[in-house]
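Observations on the three-dimensional arrangement
Each chain is listed here by its residues.
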Amino acid sequence: MTLRVLAAMSGGVDSAVAAARAAEAGHDVTGVHLALSKNPQSYRTGARGCCTVEDSRDARRAADVIGIPFYVWDMAEEFDREVVQDFVAEYSAGRTPNPCLRCNEKIKFEAVLDRAIALGFDAVATGHHVRKVDGRLVRSVDADKDQSYVLGVLTREQVAHAMFPLGDCTKDEVRAEADRRGLSVADKPDSHDICFIADGDTAGFLNNRLGGEPGPIKDESGEVLGTHNGAHTFTVGQRKGLNLGGAPDRRYVLSIEPVNNTVTVGPRSSLRVDEIVGQRPVWSGCDPITEPTACTVQLRAHGEVYGCTAWQRDGELVIHLDEPATGVAAGQAAVLYDGDTVLGSATITATARREETAPAG
């Protein structure tokens, strides 16, 4: 069946090959590049981001080679509101957001999909490394490039209108195919870091937005060990940048209290948690799980997978880990799996150990 497909083209090799595959499959494909900044020069350059002037040009050249119509959509206002401002607000509240996950949720698979459906498209195709099997998200065959975690926030309806042509191949195979197709992005480096922080200095970016306010760094007993220039520049599990010279043992950030601007640190053993609570559960791969069910959970992009028992209770997702995890931060996503299949997700709000409850940060 021929579908009208809107191919989101970032300017990278993955989205170019995804668009080419959709067109080769006989679909009526239109390419679109998302302009995410009113001042693209303020974002990453040198083929390191996904929303620069170079990326827009690369996307247009790829569309010309494929032979599909191409447009640029201005999503700068939506991106600033839903991703950049949310990023700052989350750090200000002592949480650790994932802006790429947020961009997938609010921009690529909400704003763009809504507009695509309104324009009569049947599906949106992207270059994410993930499979869709029987309407459910399944990990990519390339474990190193799997992006099912950052798509775990999608709703069932969003997944239904999504197309992922690259889930059955490795990144090396994608690059080889791009070269065979004559796509100039075949050897283009992957995007890394946060696209809207041009110099990669997250702490500096946050200080420019929120200001730097000195505060105490304390240990678990409340003893002041040092000072910092803004609690919003830290994340749970962080070890570097504490500036606690002379400490006999390594210390890690255990919690962040934005109200009194306090960062609490301690040994790695104090980071161990085995109970997690998340808000706003989303179930893309099954009906809401309301009884304790054995499954697995991933707590960060490309992070370790833990066995667990999970269920939805009073509108929240409750997760009991089989083995403790460390460095679990509020604001990150907990994505549940049945084998390689995504079941659902929630945003982490709190963690606990069996013997005591502790805020996630």
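Residues numbered from 1 in each chain as written. Predicted model: local features only at pLDDT ≥ 70, side-chain atom pairs only at ≥ 80, totals over all residues. Heavy atoms only, no water.

**Let's talk about the overall build of the protein chain**
For the protein chain, the helix and strand inventory stands at seven helices and 18 strands. Taken over C-alpha atoms, the radius of gyration comes to 21 Å for the protein chain, in line with the 21 Å a tight globule of 361 residues would show. Oriented by its inertia axes, the alpha-carbon framework of the protein chain measures out at about 65 × 50 × 35 Å. Residues classed as buried in the protein chain amount to 53% of the 361 residues present. Expressed as a percentage of contacts within the protein chain between residues at least 6 apart in sequence, the contacts between residues at least 24 apart total 65%. Here the protein chain displays about 16,300 Å² of accessible surface, and carbon together with sulfur accounts for 45% of that area. Across the protein chain, 38 positive and 52 negative side-chain charges occur, with their mean positions spaced 3 Å apart. (Helix = DSSP H or I, 4+ residues; strand = E, 2+ residues; numbered from the N terminus. Rg over C-alpha atoms; globule rule 2.2 N^0.38 Å. Buried < 20%, exposed > 50% of the residue type's maximum accessible area, 1.4 Å probe, protein only. Contact = heavy atoms within 4.5 Å. Areas by Shrake-Rupley, 256 points an atom, 1.4 Å probe, with all protein chains shown as cover. Lys, Arg positive; Asp, Glu negative; His and termini not counted. Charge placed at Lys NZ, Arg CZ, Asp CG, Glu CD.)

**Quick notes on the pairing of strand β2 (residues 28-35)**
In terms of burial, β2 is largely enclosed, as six of its eight residues are buried. Bridge analysis of strand β1 (residues 4-8) against β2 gives five bridges, and the strand direction is parallel. When the sheet's bridge partners are listed, Leu-6 is paired in β2 with Thr-30. Direction of pairing for β2 relative to strand β3 (residues 70-74): parallel, over a ladder of five bridges. The residue bridging Gly-31 from the neighbouring strand is Phe-70, located in β3. (Pairing = 2+ DSSP bridges.)

**Things to note about the sheet that holds β3**
Pairing in this open sheet of five strands is parallel, and the strands run β3-β2-β1-β4-β7 from one edge to the other. Strands at the two margins of the open sheet, each flanked by one partner only, are β3 and β7 (162-163). Bridging between β1 and strand β4 (residues 123-125) involves three bridges; their strand directions are parallel. Bridged to Val-5 within β4 is Ala-123. The strands touched by helix α1 (residues 13-24) within the sheet are β1, β2 and β7, with β2 carrying the most contacts at an inclination of about 160°. Together, β2 and β3 form the strand contacts of helix α2 (residues 53-66), whose direction differs from that of β3 by roughly 150°. (Axes fitted to C-alpha atoms, helices over the stretch in contact; angles between N-to-C directions.)

**Looking at the UniProt feature "active site" (unreviewed entry) in the protein chain**
UniProt marks Cys-103 and Cys-195 with the feature "active site" (unreviewed entry), using the numbering shown here. Judged by maximum C-alpha separation, these annotated positions cover 93 residues in sequence but sit close together in space, the widest gap being only 10.9 Å. Its place among the elements puts Cys-103 in helix α4 (residues 99-118). What makes Cys-103 buried here is its relative accessible area of 8%. If sequence neighbours within four positions are ignored, Cys-103 has contacts with Phe-79, Val-83 and Lys-108. (UniProt positions renumbered as here; feature names shortened; annotations may be inferred.)

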